[in-house]
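So the chains spell out like this:
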Amino acid sequence: MRVALFLTCVNDTLYPDTGRAVVALLSRLGVDVDFPMGQTCCGQAHYNTGYRHEAEPLARHFADVFRGYDAIVTPSGSCGAMVRELYPRMGERARAEGRGDSLAAALAPVVHRTYELTEFLVDVLGVTDVGACYPHRVTYHPTCHGLRGLGLGDRPRRLLEAVRGLELVELPGADECCGFGGTFALKNAEVSAAMGADKVRNAESTGAEVLCAADNSCLMHIGGTMSRLRTGMRPVHIAEILASTQEEAAA
Amino acid sequence: MSGTFVGMPAFPVAAREAVHDATLRGNLRHATHTIRAKRARAVGELSDWARLREAGRRIKDHTLRHLDRYLVQLEESVTAAGGTVHWAADAAEANRIVTALVKATGESEVVKVKSMATQEIGLNEALEAEGVRAYETDLAELIVQLGKDRPSHILVPAIHRNRGEIRDVFVREMGAWGRPAPEGLTDAPAELAEAARLHLREKFLRAKVGVCGANFMVAETGTLVVVESEGNGRMCLTLPETLIAVAGIEKVVPSWRDLEVFLQTLPRSSTAERMNPYTSTWTGTADEDGPRAFHLVLLDNGRTDALADRVGRQALRCIRCSACLNVCPVYERAGGHAYGSVYPGPIGAVLSPQLRGTASEIDASLPYASSLCGACYEVCPVAIDIPEVLVHLRERVAQGGPAVREGNRVVLRPARGHAAERAAMRAAGWVFARPRALRAGQRLASRTRRLHPRTLPGPGRAWSGARDLPAVPVEPFRDWWQRTRGGKDGGR
Ligand code: SF4
């Protein structure tokens, strides 16, 4: 099976540790993962801000880069949802606008081969115990596009529960949006900040050291709010927890 | 607080006050979370919920697809049953029709059943201007009316008021409208309800004209359906001699059988009840019982324009249950008034810019009043994909494009104030089409990382006003990958 890592532009630029963690985790599980250097951005920000036409070339580029792989794994619920849910919709809209099937046909090969990381682990590799060790108190925030878009369900929780030393504590109001929402965070900064502050207060109330999620965009907003509110909690991507091993924990 | 939504500022500005009002935030949080949990329980009781939801979606889609046919059938049925049907293209025409009908009876007051359509067209104000007083009889609408306030929720228009505020409004205002509030009124819910009951009773008994809306209109028989919780509606629908209903054209359903679906999904979604306490149905007029004259005003007011839009038309499936408001994290913090319309919350954000167009500041800002979290879509009993419509309307605002306004095909120009964004999106698109350009940018950011502040000046304050910026890493992932061949040459 040829497996590609679609890291996302945000992770590539700002969170390389998450990418290294995915590579380490998948290698440990015997998957030889490739990082196609041609990859850039899936076009989600363009699409969701109302620039569908500008997103189309990015989607085509994505399909070009990843076409040859059997599985495309991404550590981002929202970018995963972009490819799986919205690429088909972009194809349909183009068809409805009388532009034919070419966009839909170009995107089709990558849609069903794209997996969010926890889906790939649980559904494709069939593992929930990835042999990780992370001796910390952790609370999990299911991000909206993972929860409602991709329907990740209890996959992340099952993976976390199998991590040695990890104490998983329930996050009150877990399924409420953190308030990031891409450009929403800028266009409606005050409402976004209020949502973020509530999320962080709920996280604090659990007594956890770490808030874990499967999307660094949300974690950038939550983490930025945590440090501004001086909570002492840390945001950590689930890939980094699942990649941690006994040796690292001891070190 | 003024009683009108005209000239509202953009959503972020309008929301600011509510976000920083701790009392209001507390009221809204408590109210929405309570009903949210109850709805989840009521919906969870039905094992066939997903199928009911799908059936509701299909019935509405089918009806909208053949709206021309069902509306004509409805008109024929209502007329055959002794009613009169009037067609109103917009709010002004609907108001003219209703005002003329009331005046023809010689009366100068009407009692009203809670109705979104009459709020939408500003009927009370239009009647007032012609010397006719309209009395709201739904408790929450009465509170809004007496307080010269604006509604902030579809189902509970006074949700932003707490009991103390309601008591004060009753004590201060009831006298001017009729029977004053009882001496020594406290803020106990039972006392407040009793005060409203006494105040309204004389109006019910005196009124010769009733005005209502409709939750559903059955094309096959010409039957109108109103569901409610308080019983005031039943009084308004049965006691007066003349009954005037104002309803949006999308409220028609083909047959009685279709009600089977909606009379299950609506109460569970809106009040978390298994059935509405009062379900009133009437068909035209009947001898020796109920109103002698019945008029139905069918309101377009932008609905045909919305219907012409392939993506946006799904908003017309809405049955006004308000479940989407109650789960919306943005509504909970911004409050209903910020949406600048009688339709607040997620449904308002997709309906107002379609019914009114995107020309005004508030309407152009509504599609952005969402983090696209999808909670609204998940609870909607007719499966309106609100995030999809929001994104579609963002496209219309930012890019312009074809649309239908007042029945005419037009090509909209992009809204003002999006030029910088458009340029940024184009530039980003250019970079993302060129991996090497992206890499050059990433490297520049990494090399200058020590110079990056944790907060930003100017427009960047929108981010850093409340959150710290992430630190830029020493190198982007792709450099590490290339340097180490994915960790094979010397790990991290
Ligand atoms: S959009 Fe759906 S959830 Fe919202 S009020 Fe309408 S029917 Fe209810």
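Residues numbered from 1 in each chain as written. Chains lettered and ligands numbered in written order. Predicted model: local features only at pLDDT ≥ 70, side-chain atom pairs only at ≥ 80, totals over all residues. Heavy atoms only, no water.

Things to note about the overall build of chain B
Helix and strand counts for chain B come out as 23 helices and twelve strands. Its C-alpha radius of gyration of 26 Å places chain B within 12% of the 23 Å reference for a compact globule of 492 residues. The C-alpha extent of chain B, read off along each of the three principal axes, is 95 × 55 × 45 Å. Within chain B, the fraction of its 492 residues that count as buried is 58%. Within chain B, counting contacts between residues at least 6 apart in sequence, those at least 24 apart form 72% of the total. When the accessible area of chain B is evaluated, it comes to approximately 21,300 Å², of which 53% is carbon and sulfur surface. Within chain B, one finds 67 positive and 56 negative side-chain charges whose respective centroids are separated by 12 Å. (Helix = DSSP H or I, 4+ residues; strand = E, 2+ residues; numbered from the N terminus. Rg over C-alpha atoms; globule rule 2.2 N^0.38 Å. Buried < 20%, exposed > 50% of the residue type's maximum accessible area, 1.4 Å probe, protein only. Contact = heavy atoms within 4.5 Å. Areas by Shrake-Rupley, 256 points an atom, 1.4 Å probe, with all protein chains shown as cover. Lys, Arg positive; Asp, Glu negative; His and termini not counted. Charge placed at Lys NZ, Arg CZ, Asp CG, Glu CD.)

As for helix H7 (residues 117–124) of chain A
Within H7 of chain A, six of the eight residues are buried, which leaves it mostly tucked inside the rest of the structure. For H7 of chain A, the set of buried residues is Leu117, Thr118, Glu119, Phe120, Leu121 and Val122 of chain A.

A short note on the UniProt feature "domain: Cysteine-rich" (unreviewed entry) in chain A
Residue and element names in this part refer to chain A. Per the UniProt entry, the sites bearing "domain: Cysteine-rich" (unreviewed entry) are residues 3–83 and 138–222 in this numbering. With 58% helix and 11% strand, residues 3–83 has its two end C-alpha atoms placed 16 Å apart. End C-alpha to end C-alpha, residues 138–222 measures 15 Å, and it is 48% helix and 12% strand. (UniProt positions renumbered as here; feature names shortened; annotations may be inferred.)

Overview of the packing of aromatic side chains
According to the stated counting rule, one finds 16 aromatic pairs over all chains in the structure shown. Put simply, the rings of Phe6, Phe62, Phe66, Tyr69 and Tyr87 of chain A touch in pairs and so form one group of aromatic residues. Across the ring face of Tyr70 of chain B, the terminal group of Arg69 of chain B is positioned such that the distance to the ring centre comes to 5.1 Å. Lying across the ring of Trp463 of chain B, Arg467 of chain B places its NZ or CZ 4.4 Å from the centre. (Phe/Tyr/Trp six-rings, centres within 6.5 Å; stacked < 30°, edge-to-face > 60°. Lys NZ or Arg CZ within 6 Å of the ring centre and 35° of its normal.)

Re the sheet that holds strand S8 (residues 234–237) of chain A
Residue and element names in this part refer to chain A. Read across the sheet, four strands follow the order S6-S5-S7-S8 without closing on themselves; strand pairing throughout is parallel. Where the open sheet ends on each side, the last strands, each with one partner, are strand S6 (167–169) and S8. Strand-to-strand twist of the sheet, defined as the mean angle between neighbouring strand axes without regard to direction, takes the value 35°. Across four bridges, the pairing between strand S7 (residues 210–213) and S8 is parallel. When the sheet's bridge partners are listed, Ala213 is paired in S8 with His237. (Pairing = 2+ DSSP bridges. Axes fitted to C-alpha atoms, helices over the stretch in contact; angles between N-to-C directions.)

With respect to the interface of chain A and chain B
Each partner contributes to the interface: chain A provides 62 residues, whereas chain B provides 68 residues. Both sides together, the interface formed by chain A and chain B hides about 5,700 Å², and carbon and sulfur atoms give 57% of it. The tally of links from chain A across to chain B stands at eleven salt bridges. Note that Glu190 of chain A is salt-bridged to Arg16 of chain B, the shortest N-O span being 2.6 Å. Taken together, chain A and chain B are joined by 24 residue pairs in polar contact (both at pLDDT 80 or more). (Buried area = accessible area lost by both parts, 1.4 Å probe. Salt bridge = Lys/Arg side-chain N within 4 Å of Asp/Glu carboxyl O. Polar contact = N/O pair within 3.5 Å; in protein donor to acceptor, adjacent residues only side chain to side chain.)

Quick word on the side chain of Thr49 of chain A
Within the fold, Thr49 of chain A resides in helix H3 (residues 44–49). Contacts of Thr49 of chain A, omitting those with residues within four sequence positions, involve Thr183 and Lys187 of chain A together with Tyr368, Arg394, Ala398, Glu421 and Met425 of chain B.

Overview of the environment of Tyr115 of chain A
Residue and element names in this part refer to chain A. When you line up the elements, Tyr115 lands in strand S4 (residues 114–116). On a C-alpha basis, the gap between Tyr115 and Pro235 in space is 23 Å, while along the polypeptide they are 120 residues apart. Setting aside its immediate chain neighbours within four residues, Tyr115 contacts Ala71, Ile72, Val73, Thr74, Arg84, Phe120 and Val124.

Structural notes on the site of the ligand
Around the ligand, the structure places Cys318, Ile319, Arg320, Cys321, Ser322, Cys324, Ile347, Cys380, Pro381, Val382, Ile384 and Ile386 of chain B. Looking at the shell around the ligand, its residues break down into ten nonpolar, one polar and one charged. (Near = heavy atom within 4 Å. Nonpolar A, V, L, I, M, F, W, Y, C, P; charged D, E, K, R; others polar.)

Quick look at the sheet that holds S4 of chain A
Note: strands within a sheet are paired through backbone hydrogen bonds, in either parallel or antiparallel orientation. Residues and elements named next belong to chain A. Taken in spatial order, the four strands line up as S2-S1-S3-S4 in an open sheet, and their pairing is parallel. Because the sheet does not close on itself, it has two edges, and the strands there are strand S2 (33–34) and S4. Looking at chain direction, strand S1 (residues 3–5) and strand S3 (residues 71–74) are connected through three bridges and run parallel. Opposite Ala4, over in S3, you have Ile72 as the bridge partner.

Examining the domain arrangement of chain A
Residues and elements named next belong to chain A. When cut into domains, chain A gives domain 1 (3–124) and domain 2 (137–250). Taking the mean C-alpha position of each, domain 1 and domain 2 sit 22 Å from one another. Of the residues lining the interface, 28 residues belong to domain 1; the matching set on domain 2 comes to 24 residues. Counting the surface lost from both domain 1 and domain 2, the interface buries some 2,000 Å², and carbon and sulfur atoms represent 62% of this. Inspection of the domain 1/domain 2 interface yields one salt bridge. Among the elements of the structure, helix H1 (9–14), helix H2 (16–28), H3, helix H5 (77–96) and H7 are those that each provide at least two residues to the side of domain 1 that touches domain 2. Along the lines of polarity and charge, the residues of the side of domain 1 that touches domain 2 split into eleven nonpolar, ten polar and seven charged. (Domains from an automatic or database assignment.)

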